[in-house]
Amino acid sequence: MIWNPYYEAIDREKLYTVQFLRLKQTLERVYQLVPFYRESFKQAGVEPGDIRSLDDLQKLPFTVKNDLRDNFPYGLFTVDLNEVVRIHSSSGTTGIPTVVGYTQKDLDTWAELMARTLTAGGATKESVVHIAYGYGLFTGGLGAHYGAEKIGATVVPISGGQTKRQVKMMKDLGTTLLACTPSYALFIAETMEEMDLTPKDLKLRSGVFGAEPWSENMRHVIEEKLQIDAYDIYGLSEIIGPGVSYECPAKAGLHLSEDHFIPEIIDSATGKVLPEGEKGELVITTISKEALPMIRYRTRDITTLTSEPCACGRTHMRMKKVSGRTDDMLIIRGVNVFPSQIESILLEMGETEPHYQLVVDRIGSLDTLQVLVEVSEQMFSDHIRGLETLENKIRTEIDNLLGVTADVKLVEPKSIPRSEGKAQRVVDKRTL
Amino acid sequence: MIKQISVFLENKSGRLIRIAQILGEAKINIRGLSIADTSDFGILRLIVDQPEKAVKELKENDIMATLTDVIAIEVPDRPGGLAEVLVYLNKAGINIEYIYSLIDKQAQNAMIMMRVEQIDRALDVLESNNIPIVSSNRIYTF
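Here the structure is a predicted model, which means the values were calculated and not measured.

Conventions and cut-offs
Per chain, residue numbering runs from 1 following the sequence as it is written. For naming, the first written chain is A and the first written ligand is 1, with later ones following in the order written. Note on the predicted model: pLDDT of at least 70 is required for a residue's local features to be given, and 80 or more for side-chain atom pairs to be given and counted; whole-chain, interface and lining totals, by contrast, use all residues. Note on conventions: DSSP H or I runs of at least 4 residues are helices, E runs of at least 2 residues are strands, and numbering of each starts at the N terminus. Radius of gyration here uses only the C-alpha atoms, and the compact-globule reference equals 2.2 Å multiplied by the residue count raised to the power 0.38. Remark: C-beta atoms are placed from the backbone, and a residue is labelled buried if 20 or more other C-beta atoms sit within 10 Å of its own, exposed if 12 or fewer do, or partly exposed between those counts. Two residues qualify as being in contact provided that their C-beta atoms, derived from the backbone, are within 7 Å of each other. Three classes are used: nonpolar for Ala, Val, Leu, Ile, Met, Phe, Trp, Tyr, Cys and Pro, charged for Asp, Glu, Lys and Arg, and polar for all others, with Gly counted as polar. Pairing between strands requires that DSSP locate at least two bridges from one strand to the other. Only the stretch in contact is used when a helix axis is fitted, and all axes are lines through C-alpha atoms; the angle between N-to-C directions ranges over 0 to 180 degrees. Each nonpolar core reported here comprises buried Ala, Val, Leu, Ile, Met, Phe, Trp, Tyr and Cys residues connected via C-beta atoms within 7 Å. Note on convention: the crossing is left-handed when the near helix lies turned anticlockwise from the far helix by less than a right angle, right-handed when the turn is clockwise.

### Some remarks on the overall build of chain B
No. 1: Tallying secondary structure elements over chain B gives five helices and six strands in all.
No. 2: By the compact-globule yardstick of 14 Å for 142 residues, chain B fits well, its C-alpha radius of gyration being 16 Å.
No. 3: Oriented by its inertia axes, the alpha-carbon framework of chain B measures out at about 45 × 35 × 25 Å.
No. 4: Each of the 142 residues in chain B was classed as buried or not, and the buried ones make up 27%.
No. 5: A sequence separation of at least 24 residues applies to 69% of the contacts in chain B between residues at least 6 apart.

Given below as structure tokens:
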């Protein structure tokens, strides 16, 4: 099933016309209304009038996550706050979060995109959709919610946690589609086993899973254990949230809604646009958003794009599953974590040169984060209790800032391996 | 007062050996020791003949070590000997943070090391009750 055949299966020549018109409108809009864009365009020596074709897009400067922080909270908005009906936010590297805003039209667009996503993942009016993404400032829960309602499905807004209760609800309510992170899907499968339930006890037929990277191998395990079709979905709050791209039943890449976003792949070192099919950093320009348009936003996600026709009939480009990041961001239980955030916590606690290491693992189906901190002179005390209090304090700070539970462990000085004087910050033991 | 060395130790095999070797090679004699531990880490407390030098040697080997002031006393080596002394401190409202014993080759009495919060008051209480306080000189050289 295709939710919006007119746009999702649009002739590509027609699509280019739609894209160009919407791009021009967006550029005029940000140039007139956002000092940041006017300034950055001027520095690059371009004006909206210089963009005469889609290829000219590459003349425009990039936007990066730091630009959102520098203009925190509303500096990049193109509308008055009285036009903004929703805010979402993600935690920031230095404690400053990124704030994104939506007008009513933006929310309608988002619901449309999630309706496409869920329909591609098997949802219909008859579906019972179990949304176990977190509700709140995180875009996952509410994003999926409005898309599922738009389709007319029966929505169970259960959010995260209390997994046994979730399984019982899925069984009792006859849930047919599960929306959550892939690792939580695995955890649900394990919980079902513990409760002596098999997929036959449920009516689950498919799942749309995103917000963290996962592999083909993990797909097979989820599909096998839950007896469902598992689809990958992609999005980021800066662009709109989930619904930027999504897999169709062909499971051969994620269709990126090109009537709302223009994707490019660049060489992350040089910033040069790479030819179709080459691997690089995904850059997205939004062409329909009102409150917070993004011009050539660098996602830091590494992938490839193809416009080869897809068996499903959709004509939008497909991106491969994201294979990595160009920065050191970790995704732990769906939460974005930068090592520098841990560093800022230790610095705030009075450490002048903290040496630490993040050890990420996946035990069973859940990500674990262990933070090793080398004991310094000022941390060390002759009392066991003093050291335990310190460990607890670091753990609490991490939980407060990042919303991730970490196992904090004090270790001996110089025990964390160093390369060129710097401690190795991250050890990711997860095999996805 | 006695200078005790407090050392941070991860609960990993070979850690204690390494410290003993470093001190041995530096010709530093260990007089007494105790370990307090959790599942992850421990604090090794050492009484040695040259505390300052020992801390320096350990730090040069990237081992976290600091000096801590503790009190050494002699208690009668018979049932109830320790209790008699502790009663004085308890009455004076002095909390003992930790305590351990040492072997004294010369003396008939048992030797006890203790760490308290109010170290000067503890010394006063012990002295006024005629509890033999062991000098640092004797600890470092016996």
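### Description of the interface of chain B and chain A
No. 1: Residue-level contacts link 14 residues of chain B with 13 residues of chain A.
No. 2: Broken down by secondary-structure element, the contributors of at least two residues to the side of chain B that touches chain A are strand E1 (2-10), strand E3 (41-48) and strand E4 (65-75) of chain B.
No. 3: No other element matches E1(B), which puts three residues into the side of chain B that touches chain A.
No. 4: Class assignment for the residues of the side of chain B that touches chain A results in six nonpolar, four polar and four charged.

### Observations regarding the sheet that holds strand E19 (residues 366-374) of chain A
Residue and element names in this part refer to chain A.
No. 1: Spatial strand order, E20-E19-E18-E23: four strands in an open sheet with mixed pairing. Edge positions in the sheet fall to strand E20 (406-411) and strand E23 (426-428), since each of these pairs with one other strand and no more. In this sheet, neighbouring strand axes are inclined to one another by 20° on average, regardless of whether the strands run parallel or antiparallel.
No. 2: Strand direction decides the pairing type here: strand E18 (residues 356-363) and E19, joined by eight bridges, are antiparallel.

### Brief notes about the sheet that holds strand E15 (residues 324-325) of chain A
All names here are of chain A.
No. 1: Spatially, the four strands line up as an open sheet ordered E10-E11-E12-E15, and their pairing is antiparallel. Each edge of the open sheet carries a strand with a single partner, namely strand E10 (261-266) and E15.
No. 2: Sheet topology places E10 next to strand E11 (residues 280-286); six bridges connect them, and they run antiparallel. Residue pairing across strands places Ile-265 opposite Leu-282, the latter belonging to E11.

### Comments concerning the nonpolar core
Residue and element names in this part refer to chain A.
No. 1: Within the largest apolar cluster, 86 residues are counted, with the highest numbers of intra-cluster contacts made by Val-129, Ile-131, Ala-179 and Ala-185.
No. 2: Looking at this core element by element, the count peaks at seven residues for helix H5 (residues 104-120).
No. 3: Those residues in contact with Val-129 that sit more than four places away from it in its chain are Leu-118, Ala-123, Ala-148, Ala-153, Thr-154, Val-155, Val-156, Leu-177 and Ala-179.

### With respect to the packing of helix H8 (residues 182-194) of chain A against helix H9 (residues 216-226) of chain A
Residue and element names in this part refer to chain A.
No. 1: Interaxial distance between H8 and H9 falls to 10 Å at its minimum, and their mutual angle equals 35°. Between H8 and H9 the crossing geometry is left-handed. In this structure, H8 contributes Pro-182, Ala-185, Leu-186 and Ala-189 to the contact, and H9 contributes Met-218, Val-221, Ile-222, Lys-225 and Leu-226.

Worth remembering: the numbers are spatial, not functional.
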